[in-house]
Amino acid sequence: EAGVAQSPRYKIIEKRQSVAFWCNPISGHATLYWYQQILGQGPKLLIQFQNNGVVDDSQLPKDRFSAERLKGVDSTLKIQPAKLEDSAVYLCASTPSTDTQYFGPGTRLTVL
Amino acid sequence: EDQVTQSPEALRLQEGESSSLNCSYTVSGLRGLFWYRQDPGKGPEFLFTLYSAGEEKEKERLKATLTKKESFLHITAPKPEDSATYLCAVGGQAGTALIFGKGTTLSVSS
């Protein structure tokens with residue numbers, strides 16, 4: 001079974017630029033999560049989707065971050081404009097239910 | 001507020017030297033406690049889910065246990081390939097996301 005796919009794996013941008021990340025969850029998994037993991041910290045939830053509806057986006061900085069999950073499958077996370085403190089690994093995870101989550105390899109973002 | 005605290009932050013062991021990692025938690029209505037392994041540059045890899053106090057699960061040299069306030073990840077006779085960061089997470093009420101600890105970075109030298 002294919003795992004969670006993410007791209008790109010690495011991205012370096014200047015502050016105030018925009019960036020987008022893509023996630024393809026495990027086939028059939030209805031729930032999709034985006035986490036932010038800052039170096040030395042555990043992952044922190046940004047947004048949770050159930051199919052193509054948002055379940056929890058309470059910790060998403062909505063002035064600069066946005067996410068969508070069209071057709072209940074792939075998802076994109078966008079940052080515009082990026083700040084230095086957005087440097088982190090962005091992890092996508094999926095689950096067939098709200099139980100065990102399976103993570104992708106992540107996208108490492110560096111904002112200069 | 002749901003919270004997860006892991007200790008120690010870092011642990012160095014010699015190959016074959018058994019030890020335990022601790023995960024203390026406070027959560028309203030524990031749905032499950034999860035252990036993940038994370039290698040540098042990779043996403044977390046699922047290890048175990050524990051649902052109720054007294055439950056234990058094993059996988060190779062790893063055994064996870066759960067009480068009402070904490071979980072332990074016991075590592076028996078570790079090998080260098082067990083070196084990684086071990087993350088603990090709790091799931092609260094149904095439908096809510098996981099709350100992760102900061103992790104314990106384990107280094108096993110031969």
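Everything below is about the structure shown above.
Just so it is clear, the model here is predicted, and its values are computed rather than measured.

Procedures and definitions
Residues numbered from 1 in each chain as written. Chains lettered and ligands numbered in written order. Predicted model: local features only at pLDDT ≥ 70, side-chain atom pairs only at ≥ 80, totals over all residues. Heavy atoms only, no water. Salt bridge = Lys/Arg side-chain N within 4 Å of Asp/Glu carboxyl O. Buried < 20%, exposed > 50% of the residue type's maximum accessible area, 1.4 Å probe, protein only. Helix = DSSP H or I, 4+ residues; strand = E, 2+ residues; numbered from the N terminus. Disulfide = S-S within 2.5 Å. Contact = heavy atoms within 4.5 Å. Buried area = accessible area lost by both parts, 1.4 Å probe. Polar contact = N/O pair within 3.5 Å; in protein donor to acceptor, adjacent residues only side chain to side chain. Nonpolar A, V, L, I, M, F, W, Y, C, P; charged D, E, K, R; others polar.

Residues and elements named next belong to chain B. A complete count under the given rule lists six salt bridges over all chains for this structure. The partner of Glu56 in a salt bridge is Lys63, with the nearest N and O atoms 3.8 Å apart. Given a relative accessible area of 28%, Lys63 falls into the partly exposed group. Between Asp82 and Arg61 there is a salt bridge, with the nearest N and O atoms lying 2.8 Å from each other. Taken together, the residues span a long stretch of sequence, with Asp82 in the loop between strand E8 (70–75) and strand E9 (84–91) and Arg61 in the loop between strand E6 (56–59) and strand E7 (62–66) at a distance of 21 residues. According to the relative accessible area criterion, Asp82 is buried, its value standing at 6%.

The tally for this structure, following the rule as stated, stands at two disulfides over all chains. Residue A:Cys23 pairs covalently with A:Cys92 via a disulfide, S to S 1.9 Å. Handedness here is read from the sign of the S-S torsion; for A:Cys23 and A:Cys92, about -70°, the answer is left-handed. Taken together, the residues span a long stretch of sequence, with A:Cys23 in strand E3 (residues 19–24) and A:Cys92 in strand E9 (residues 88–95) at a distance of 69 residues. An identical accessibility class is assigned to A:Cys23 and A:Cys92; each is buried. Between B:Cys23 and B:Cys88 runs a disulfide, and the two sulfur atoms are separated by 1.9 Å. Between B:Cys23 and B:Cys88 the disulfide shows an S-S torsion of about -60°. By sign, it is left-handed. With B:Cys23 in strand E3 (residues 19–26) and B:Cys88 in strand E9, this pair connects stretches of sequence that are 65 residues apart. Here B:Cys23 matches B:Cys88 in class, with each residue buried.

This part takes up unusual backbone geometry. Residue and element names in this part refer to chain A. Note the cis peptide between Ser7 and Pro8, where omega equals -10°. Position of Pro8 relative to the elements: it lies in the loop between strand E1 (5–7) and strand E2 (10–13). Cis geometry marks the peptide bond from Gln80 to Pro81, where omega comes out at -5°. Along the chain, the position of Pro81 falls in the loop between strand E8 (75–79) and E9. For Asn51, which is not glycine, the phi torsion reads 55° and is therefore positive. Its place among the elements puts Asn51 in the loop between strand E5 (44–50) and strand E6 (53–56). The residue Lys71 is not glycine, and still its phi comes out positive at about 60°. In this fold, Lys71 is placed in the loop between strand E7 (65–68) and E8. Exposure remark for Lys71: the relative accessible area of 80% places this residue in the exposed category.

Right, let's talk about the interface of chain B and chain A for a bit. Contact with chain B, which involves 19 residues of that partner, is made by 21 residues of chain A. Summed over both partners, the interface of chain B with chain A buries about 1,500 Å², with 49% contributed by carbon and sulfur atoms. Looking only at chain B, the three residues that lose the most surface to chain A are B:Ala97, B:Phe100 and B:Lys102, adding up to 28% of its buried area. There are zero salt bridges connecting chain B and chain A. In this assembly, chain B and chain A are joined by four residue pairs in polar contact (both at pLDDT 80 or more). Elements supplying a minimum of two residues to the side of chain B that touches chain A: strand E4 (32–38), strand E5 (45–50) and strand E10 (98–100) of chain B. The residue makeup of the side of chain B that touches chain A, split by class, is nine nonpolar, seven polar and three charged.

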